[in-house]
Amino acid sequence: MKITANKTFEAEISESEVKRIALQCIRAAVGWKDDHYVSDGKLYITHYMSTTHSWDEEVLVGEATPNDLAAQRIINQILRA
């Protein structure tokens, strides 16, 4: 996301766009991609696999850090709103 302005401007952003931007910023702050998530205190990433058929595979990255846990809690709140 890049916003460059030399003058003051106003922009209306939909609620869904606000959520998308917030999620993007939070994930970037902790170094996550869209497919990272925390479950049971562990950090996972979902890989999309495909051959003649396709499936998602959850890969354990490691133990979730306090920052990972906090990010997931905030992401969950945003997604529920």
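J.: If you had to explain the pattern of salt bridges to someone new, which residues and values would you point to?
T.: Following the criterion strictly, the structure yields three salt bridges and no others. For Arg20, the salt bridge identified is with Glu17, shortest N-O distance 2.6 Å. Here Glu17 and Arg20 lie together in helix 1 (residues 15-30), a separation of three residues that amounts to about one turn. The partly exposed category is assigned to Arg20, whose relative accessible area is 41%. The class of Glu17 is partly exposed, set by a relative accessible area of 30%. When the shortest N-O distance is used, the salt bridge between Asp34 and Arg27 registers 3.6 Å. On the basis of relative accessibility, which here comes to 14%, the residue Arg27 falls in the buried class.

J.: I'd love a proper account of the pairing of strand 2 (residues 42-50), names of residues and values included.
T.: Side-chain positions along a regular strand alternate between the two faces of the sheet. As defined by bridge partners, strand 1 (residues 36-39) adjoins strand 2 across four bridges and the pair is classed as antiparallel. What sits directly across from Ser39, in strand 2, is Lys42. Hairpin connection from strand 1 to strand 2: two residues lie between these consecutive antiparallel strands, with Asp40 at a positive phi of about 50 degrees. Direction of pairing for strand 2 relative to strand 3 (residues 54-63): antiparallel, over a ladder of nine bridges. When the sheet's bridge partners are listed, Thr46 is paired in strand 3 with Glu58.

Calculation rules
Numbering of residues begins from 1 in every chain and follows the order in which that chain's sequence is written. With the structure being a predicted model, the display of local features is reserved for residues of pLDDT at least 70 and the display and counting of side-chain atom pairs for 80 or more, all residues being used for whole-chain, interface and lining totals. Think of the side-chain values as coming from all heavy atoms in the structure, minus any hydrogens and water. Any Lys or Arg side-chain nitrogen found within 4 Å of a carboxyl oxygen on Asp or Glu counts as a salt bridge. Here a helix means four or more residues in a row that DSSP labels H or I, a strand means two or more in a row labelled E, and each is numbered from the N terminus. For every residue, the accessible area (1.4 Å probe, protein chains only) is compared with the maximum for its type, and the residue is labelled buried under 20%, exposed over 50%, or partly exposed between those bounds. At least two bridges found by DSSP between two strands is the condition for calling them paired.

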